[in-house]
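Fold and contact review
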Amino acid sequence: MTASELAHLAEELGLDVVGAARPEPYEDTERHIRERLELGYFADMRFTMARPEVSCHPETLLPGAKTVISAALCYYTPGPGPEGGEARLARYAWRDHYAELREKLDALGRRLGGSYRVLVDANHHVDRAGAVRSGVGFSGKNTMLITRTHGSWVVLGTLVTAVEIEPTPPLDLNCGSCRLCIDACPTDAIVEAGVIDARLCLAYWLQAPHPIPEPVRADLGDQAYGCDVCQDVCPWNRGVEKRRSGAELPEDATPTVSLVDWLERDGAALVAEFDRLYVPKNDPRWLQRNALIALGNSGAAGDADVIVRYVESDDEILSETAEWALAQIADRA
Ligand code: B12
Ligand code: SF4
Ligand code: SF4
């Protein structure tokens, strides 16, 4: 199959950018992962770092693999910011874009025929490495995969197939002298161009199964999950923001959440409703911890009642975070 036939098929299925590469090891990425594991930059995350000998070796993912297809799906739509008592979610978490991408890649696999395997945000494959190799985008200083047409507002997925497809070359693009994301990151987590220390990254802390260190809490502001700061400032995202400025917010999208609701709701129901968010062991405590911090940063005296209930919690992390939140609200009052 030629590259243009693949592009045509992908367009029919609603994929925004697509590319193809041979299933060969991502040697640089494997080296980067091993170096950063040594330096502690991945904190205690497992994901693709647990077994780089698999996640950087697409040739092991399917017997008879001939091609690794990478695809990007743009998720940018305008949406309102939080009002009183609310917090924001990162844009990729407004809806389950991974599920949508998985379905589209599955449909692509069926249309191509032969055996195939779909991987989206899976521990077995470093999605950005495949996307860089097949020219879906280039690697930015904020480590995001940046596409030419949709900036970095894309989720990425991978289809390993036994069908042979003409490879598409990597893009000859880079950030040039820009360093807006490095300067804008609230916690200086981009420790050098193209390198993140997750121990400083807000997106990491909001999904980590630990108490969030006090100095990080103020930087979280009214963010309940994920962080978009290093993408909000990126000039490569301006075009897509303009083009989609009039787009409708999908009905099932939740750009903001009610913090009181997160704190009052039954924990199991909360993680079930937000199952698109990665929450270690599906333990609602981590979402409740995030809500307490956001309320501490943005709430008013009237929010104290719901927080007091957590001060009395048997869970040490929640009760300490709740005390901290009450102190923040009292200080502001
Ligand atoms: C672990 C993980 C995280 C961790 C660590 C992120 C990281 N930078 O590695 C945390 C929790 C912090 C995280 C956060 C986010 N994530 Co995440 N995450 C992953 C996951 C599961 C694995 C990533 C991985 O393997 N990293 C390994 C390291 C080695 O990769 P890297 O940092 O990209 O390293 C490259 C650069 O350093 C580059 N490089 C090296 N030297 C230099 C020098 C220069 C000058 C440059 C420019 C580059 C460069 O080479 C390295 C690769 O060889 C993937 C899903 C998957 N299965 O792939 C999603 C994924 C990367 N995440 C994604 C998203 C959407 C996010 C968030 C935007 C979510 C949010 N809004 O909060 C943030 C963005 C933070 C950021 N700026 O990266 C998307 C990214 C889409 C895209 N356009 O790139 C992915 C691909 C999920 C998906 N399938 O769509 N994530
Ligand atoms: S996601 Fe937020 S905290 Fe993490 S590197 Fe980007 S701006 Fe910094
Ligand atoms: S903000 Fe500038 S340096 Fe950062 S990723 Fe975008 S273009 Fe590259």
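Quick caveat, the model's predicted, so the values are computed rather than measured.

Calculation rules
- Residues numbered from 1 in each chain as written.
- Chains lettered and ligands numbered in written order.
- Predicted model: local features only at pLDDT ≥ 70, side-chain atom pairs only at ≥ 80, totals over all residues.
- Helix = DSSP H or I, 4+ residues; strand = E, 2+ residues; numbered from the N terminus.
- Rg over C-alpha atoms; globule rule 2.2 N^0.38 Å.
- Buried ≥ 20, exposed ≤ 12 C-beta atoms within 10 Å, placed from the backbone.
- Contact = placed C-beta atoms within 7 Å.
- Near = placed C-beta within 6 Å.
- Nonpolar A, V, L, I, M, F, W, Y, C, P; charged D, E, K, R; others polar.
- Core = buried A, V, L, I, M, F, W, Y, C linked by C-beta atoms within 7 Å.
- Domains from an automatic or database assignment.
- Pairing = 2+ DSSP bridges.
- Axes fitted to C-alpha atoms, helices over the stretch in contact; angles between N-to-C directions.
- Left-handed = near helix turned anticlockwise from the far one by under 90°.
- Expected span 1.5 Å × (residues − 1).

**Observations regarding the overall build of the protein chain**
Scanning the protein chain from N- to C-terminus turns up 15 helices and eleven strands. Taken over the C-alpha trace, the protein chain has a radius of gyration of 21 Å; the compact-globule value for 333 residues is 20 Å, and the two agree within 12%. Taking the principal axes of the C-alpha coordinates as reference, the protein chain spans close to 65 × 45 × 40 Å. With 333 residues in all, the protein chain has 42% of them scored as buried. For the protein chain, restricting intrachain contacts to residue pairs at least 6 apart in sequence, the fraction spanning at least 24 positions comes to 77%.

**Side note on the site of ligand 1**
As a matter of local geometry, ligand 1 sits amid 41 residues, with Thr-29, Ala-90, Gly-194, Ala-203 and Gly-226 nearest to it. Every element with two or more residues in the shell around ligand 1 is listed here: helix H2 (27-39), helix H5 (127-133), strand S7 (154-161), strand S9 (195-196) and helix H7 (202-205). Considering every element that reaches the shell around ligand 1, the biggest residue donor is H2, with four residues. Of the residues that constitute the shell around ligand 1, the class distribution is 24 nonpolar, eleven polar and six charged.

**Points about the site of ligand 2**
Asn-142, Cys-185, Thr-187, Ala-189, Ile-190, Ile-196, Cys-201, Leu-202, Ala-203, Cys-227, Val-229 and Cys-230 make up every residue found near ligand 2. Sorting the residues of the shell around ligand 2 by element identifies H7 and helix H9 (229-232) as the ones contributing at least two each. Among the residues making up the shell around ligand 2, the classes are represented as ten nonpolar, two polar and no charged.

**Comments concerning the nonpolar core**
In this structure, Ala-71, Ala-72, Leu-73 and Ala-291 are the most contacted members of the largest nonpolar core, which totals 89 residues. The element contributing the most residues to this core is helix H13 (residues 285-298), with seven residues. Counting the residues that make up this core, at least three belong to each of domain 1 (3-77 + 94-161) and domain 2 (180-332). When neighbours within four sequence positions are excluded, Ala-291 is seen to be in contact with Ala-87, Ala-224, Leu-259, Trp-262 and Leu-263.

**A closer look at the pairing of strand S1 (residues 17-21)**
Within S1, five of the five residues are buried, which leaves the element mostly enclosed by the surrounding structure. Taken together, the five bridges between S1 and strand S2 (residues 67-74) define a ladder with antiparallel strand orientation. Residue pairing in the sheet places Val-17 in a bridge with Ala-72 of S2.

**Structural notes on the packing of helix H14 (residues 304-311) against helix H15 (residues 316-332)**
For the pair H14 and H15, the least separation of the axes is 7 Å and the interaxial angle reads 150°. In the packing of H14 onto H15, the handedness of the crossing is left-handed. Facing Ala-304, Ile-307, Tyr-310 and Val-311 of H14, the residues of H15 in contact are Leu-318, Ser-319, Ala-322, Glu-323, Ala-325, Leu-326 and Ile-329. Across the contact of H14 with H15, the residue classes break down as nine nonpolar, one polar and one charged.

**Observations regarding the sheet that holds strand S11 (residues 256-258)**
On the basis of which strands lie adjacent, the open sheet formed by three strands has the order S10-S3-S11 and mixed pairing. Both outer strands of the open sheet, strand S10 (223-225) and S11, are each paired with one neighbouring strand and no more. This sheet shows a mean twist of 45° between the axes of neighbouring strands, independent of strand direction. Alignment of strand S3 (residues 86-89) against S10, held across two bridges, turns out to be parallel. When the sheet's bridge partners are listed, Arg-88 is paired in S10 with Gln-223.

**Concerning the sheet that holds S1**
Spatial strand order, S1-S2-S7-S4: four strands in an open sheet with antiparallel pairing. What marks the edges here is a single partner per strand, and that holds for S1 and strand S4 (116-119). This sheet shows a mean twist of 20° between the axes of neighbouring strands, independent of strand direction. In the sheet, S2 pairs with S7 via eight bridges, with the strands oriented antiparallel. By the bridge assignment for S7, Thr-67 is matched with Thr-161. Strands in contact with helix H1 (residues 3-12) are S1 and S2; relative to S1, the strand with the most contacts, it is inclined by about 145°.

**Let's talk about the environment of Gln-328**
When you line up the elements, Gln-328 lands in helix H15. The spacing of Gln-328 and Leu-263 is 65 residues in sequence and 17 Å in space, taken between C-alpha atoms. Apart from the residues lying within four places of it in its own chain, the contact partners of Gln-328 are Gly-296 and Asn-297.

**Regarding the pairing of S2**
Across the eight residues that make up S2, a large majority, eight, are buried. Burial along S2 is two-sided: the residues Thr-67, Ile-69, Ala-71 and Leu-73 and Val-68, Ser-70, Ala-72 and Cys-74 are all buried.

**A word on H13**
The terminal C-alpha atoms of H13 lie 20 Å apart, and with 14 residues this matches the ideal 20 Å at 1.5 Å per residue to within 8%. Along H13, twelve of the 14 residues are buried, which leaves the element largely enclosed by surrounding structure. Burial in H13 covers these residues: Trp-286, Leu-287, Gln-288, Arg-289, Asn-290, Ala-291, Leu-292, Ile-293, Ala-294, Leu-295, Gly-296 and Ser-298.

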